[in-house]
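Each chain, written out:
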Amino acid sequence: MSAEATIQKNNRGSYSVTFRNCQALSKAEIMEIFSKYGRVLYIGITGEETGYRFVHFSTEEEAKRAVLHANDYVIKLRPHKSKPLDKGAQRAVGWLKKEPHWEEPLEVDKVIARNAAEIIVGNIPPSFAGAYLLHLFEKYVPIAMTHVMVVEKTGMRYCHVYFRSQKDVEDVERDFNNYFLEDRCLIVVRPNTLMKTNAMNS
C-alpha cells in the first residue's frame, strides 16, 4: 500500500496514520513504537482496547517512515483512498432516500439543527462509532451529530453531522462521498443532493 493512500493531512497541520489496535497495545506502547519514526504529536483513540488508533506526526516524512516500518510490528495501517460504490452500497443509498424520517435528526438541539449546515453519512461500518466520524471530519470542525441510526430494511447505519457553513458541508461531501472505510464506501451527501437524486430517479 502506498504512503499516499495511507497518510491523511489534518487541519492542525499534522499527518496521521490509522490502524485497528488488534494487539490491544496501550497508548504508551503505541507511542514507543511510532516515536522511532518521528515526533508523535498525539494519538487519537476510538472504541475499546482493540478499536481504531490515529497516530499524528508533525511532518509527512515522519508519517511515511511509519508506513514503511509498520509491518515490523504487525500493524496493518488503513487506507484513506476512496473506491467506487459497490452494488450493495448503491442499493443501501436507495433505501436511505426512501426512509421517511431521514430529515429529522435525533437528540440534536433544534437551534443547532436550524442554524447549522447538515450532511448525512450513510453505510457506516458496524465497527465504527460516531467518534471516528468526528475525527474523520475534523478538518471542517463539525459542531454536532446525531446518534448512529439504522435503516430497518437494509441494516444500513447512518447519522447526521452538522457544520457551521454550507461551504463546509459541500467540501465534506466532495472529499468523503465514496470514501473507502474498512470494507465499504461511505455515503456522504447533503440533504438537497439526496432530494435532487431522488427526484431524478422518480
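All figures in this text were calculated on a predicted structure; none of them were measured in a lab.

A. Spatial organisation of empty space enclosed by the protein. Scanning all chains against the criterion turns up one cavity of 30 Å³ or more. The space that makes up the largest cavity amounts to roughly 60 Å³. Taken together, Y52, R78, P79, F128, Y132, Y179, F180, L181 and E182 make up the full set of residues lining the largest cavity. Residue classes in the lining of the largest cavity are distributed as seven nonpolar, no polar and two charged.

B. Layout of the pattern of salt bridges. Enumeration over the complete set of coordinates arrives at five salt bridges. K167 is the partner of D171 in a salt bridge, and the nearest nitrogen-oxygen pair spans 2.8 Å. Taken together, the residues D171 and K167, both in helix α7 (residues 166–176) and four residues apart, mark about one turn of the helix. In this structure, the salt-bridge partner of R190 is E170, at a minimum N-O distance of 3.7 Å. Of the two residues, R190 is situated in the loop between β11 (187–189) and α8 (191–201) and E170 in helix α7; the sequence distance between them amounts to 20 residues. Under the relative-accessibility criterion, R190 is labelled buried at 17%. Each of K167, D171, R174 and D175 takes part in salt bridges that share partners, so that together they form one network.

C. Expanded view of helix α2 (residues 27–34). Restricting attention to buried positions, one finds in α2 the residues I30, I33 and F34. The arc that holds every buried residue of α2, seen down its axis, measures 85 degrees, which confines them to one face. Counted as exposed and oriented over 90 degrees from the buried face of α2: A28 and E32. On the buried face of α2, the contacting elements are β2 (15–20), β3 (40–45), β4 (52–57) and α3 (60–69).

D. Expanded view of the packing of aromatic side chains. For the structure on display, the rule yields seven aromatic pairs. Ring centres 5.1 Å apart and planes at 70 degrees place the aromatic pair F137 and F176 in the edge-to-face group. Placement of F137 in the loop between α6 (130–136) and β6 (144–145) and of F176 in helix α7 is noted, with a sequence separation of 39 residues between them. Among the residues examined, F176 registers a relative accessible area of 5% and is labelled buried. Members of the aromatic cluster, each reached through a chain of ring pairs, are F137, F163, F176 and Y179.

Each value, and the rule that gives it
- Residues numbered from 1 in each chain as written.
- Predicted model: local features only at pLDDT ≥ 70, side-chain atom pairs only at ≥ 80, totals over all residues.
- Heavy atoms only, no water.
- 1 Å grid on protein atoms, 1.4 Å probe; cavity = no way out; pocket = protein on both sides within 12 Å on 5 of 7 lines; lining within 4 Å.
- Points joined across faces, edges and corners; volume = space filled by probe spheres on them.
- Nonpolar A, V, L, I, M, F, W, Y, C, P; charged D, E, K, R; others polar.
- Salt bridge = Lys/Arg side-chain N within 4 Å of Asp/Glu carboxyl O.
- Helix = DSSP H or I, 4+ residues; strand = E, 2+ residues; numbered from the N terminus.
- Buried < 20%, exposed > 50% of the residue type's maximum accessible area, 1.4 Å probe, protein only.
- Arc of directions from axis to C-beta.
- Contact = heavy atoms within 4.5 Å.
- Phe/Tyr/Trp six-rings, centres within 6.5 Å; stacked < 30°, edge-to-face > 60°.

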